[in-house]
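The chain contents come next:
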Amino acid sequence: MRWLFGLLLITPLIVAPPPRRDAAQAQQAQETHQQPQQGQNGQQEEIQKPVGEQEPEKQRYMFTYNKYLEEVVKILESDPKFNEKIKNMKEEDIKAGAIADHIDDLDEGVFNQLTLVKAQEIERLRNQIEEQIKADGHANNIKLPDHLDVQNWEKFGKEDLRKLIQKTVADMNAEDERRRDEFKEYEMKKKAEEDHKLAQMSEDERKRAVAEDEARDARHNDHEKLKHPGSRDQLEEVWEDGDHMDKDSFDPKTFFRLHDINGDGYWNTEELEALFQIELDKMYNETNPDDDPREKFEEMNRMREHVMTQMDKNQDRLVSMDEFMQDNEAQTPEKDPGWDDLGKNHVYTDEELKKFEDEYAQQQANMHQQQQQQQQQQQQDHQQPVQAEVHYNQGQAPAQPVQQQPQAPGQQQIHELPKDPSYGI
């Protein structure tokens, strides 16, 4: 069930916990027939908080059926027979939903629990559908749920588990793709806005603005050389600077256990991302206005996806101890190729940028036209109406304007207007 545990990464907010130093050191001591380090009073010495403990919250996968997924996984994990049957299954078979073929022999009590949580999910969906129909006034937009078996409402079966796994895999992949597309659009919009502002400036203003932008980029890029995520040198840096361990005592197995926060024998998404904080802190400072926090978050995702591609051979979104130990980059010291950050790797092509800027320029032109039309309409609304007719008797001082009677419908209403100092009217 290790891959299903990986699905439980779909939590709305995650805070990276500290590495399990005590468990890792105890395991290392057991393997080398040594005792854990102890202080003078015989108690194990307190270790400084390692890298990743104070990481800020970050958005993670969140689906509407998240609670249902979590409950199903917990129930299946609690059944030893089921775990024994799927222990040697290939990860790709689990992700394809083949794991569902092994639930026939579950105890009746387990099936009853699964049926209960399915009934709760159906009730949630029923309430959601009722609210949508009430809001829309019709049922034309209602879609059948595809994360459970709608043909069998009364009982949890194979198709429920198969559909739940397949739906979750598809949604996670779609969410990653959506995140990348949104970031690409975000970067192109930044560039388009900068170019638009430059186009509105005089030549001298443009030179000053370009110089300021170049100085800002230079400040951001003025940092220590980045180590390649997942390389032996990068992991040793975490061992020494983050975990406060002796550099020469680096042990890959101990390092893996140290950062296996939940102790399940695998590195998941959050455990991997905690390893990159030292590299990220070299580039980004939350108090520095030159640094974009959204770019930092995307940089972390780039590093995580790179290491997953590098180490995760069965593509189950988890890194096992065996996968880690067999990875050449992680086990070969002093061959770090470095890492080019987002500043050196545009997430869009020149063609994509040109198309976006053309669309952006058209949007700006349309907005400008709308603003002009609104201003013209406002000017028309505030135009001065016809003045009241004034009668004069010959040889006499001008008389007061004659009081006008109410106008017939369709005629312009006459109002007293303030004097215009320009013309004295």
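Residues numbered from 1 in each chain as written. Predicted model: local features only at pLDDT ≥ 70, side-chain atom pairs only at ≥ 80, totals over all residues. Heavy atoms only, no water.

## Thoughts on the overall build of the protein
From N to C terminus, the protein includes 16 helices and four strands. Of all 425 residues assigned to the protein, the portion counted as buried reaches 37%. Look at the contacts in the protein between residues 6 or more apart in sequence, and 73% of them connect residues 24 or more apart. If you sum the accessible surface of the protein, you get close to 26700 Å²; carbon and sulfur atoms cover 46% of it. (Helix = DSSP H or I, 4+ residues; strand = E, 2+ residues; numbered from the N terminus. Buried < 20%, exposed > 50% of the residue type's maximum accessible area, 1.4 Å probe, protein only. Contact = heavy atoms within 4.5 Å. Areas by Shrake-Rupley, 256 points an atom, 1.4 Å probe, with all protein chains shown as cover.)

## Observations concerning the pattern of salt bridges
Pairs may arise between side chains of opposite charge once their charged atoms sit close together. Considering all chains together, one arrives at 34 salt bridges under this definition. The residue K167 makes a salt bridge to D171 at a minimum N-O spacing of 3.4 Å. Of this pair, K167 and D171 both sit in helix α7 (residues 158-199), separated by four residues, roughly a single helical turn. Residue R216 pairs with D217 through a salt bridge whose shortest N-O separation is 3.6 Å. Look at D217 and you get partly exposed, because its relative accessible area is 40%. Taken together, the shared-partner salt bridges connect D176, E177, R179, R180, E298, E305 and R317 into one network. (Salt bridge = Lys/Arg side-chain N within 4 Å of Asp/Glu carboxyl O.)

## Observations concerning the UniProt feature "domain: EF-hand" (unreviewed entry) in the protein
UniProt annotation of "domain: EF-hand" (unreviewed entry) refers to residues 247-282 when read in the numbering used here. Within the segment residues 247-282, helix and strand shares are 50% and 6% respectively, and the terminal C-alpha atoms sit 20 Å apart. (UniProt positions renumbered as here; feature names shortened; annotations may be inferred.)

## Digging into the packing of aromatic side chains
Counted by the stated rule, this structure contains nine aromatic pairs. Residues F63 and Y65 carry aromatic rings whose centres are separated by 5.5 Å and whose planes lie at 25° to one another, so their mutual orientation is stacked. Considered together, F63 and Y65 belong to a single accessibility category, that of buried residues. Pairing F250 with F255 gives two aromatic rings, centres 5.5 Å apart and planes at 45°, and the pair type is tilted. Exposure remark for F250: the relative accessible area of 11% places this residue in the buried category. (Phe/Tyr/Trp six-rings, centres within 6.5 Å; stacked < 30°, edge-to-face > 60°.)

## A look at the environment of E71
Examined against the element boundaries, E71 turns out to sit in helix α3 (residues 66-77). Taking the relative accessible area as the measure of exposure, E71 reaches 29% and is therefore partly exposed. In this structure the C-alpha to C-alpha distance between E71 and K118, which are 47 residues apart in sequence, comes to 9.5 Å.

## Regarding the confidence of the model for the protein
Taken over all residues, the pLDDT of the protein has a mean of 79, while the share at 70 or more is 73%. Per-element confidence in the protein ranges from a low mean pLDDT of 33 for strand β1 (residues 13-14) to a high of 95 for helix α10 (residues 252-258). Taken as a whole, residues 32-59 scores under 50 in pLDDT and shows 55 contacts with residues more than four places along the chain or in a different chain. Every residue in residues 407-425 is under pLDDT 50, and counting partners more than four places away or in other chains gives 18 contacts. (pLDDT = per-residue confidence, 0-100.)

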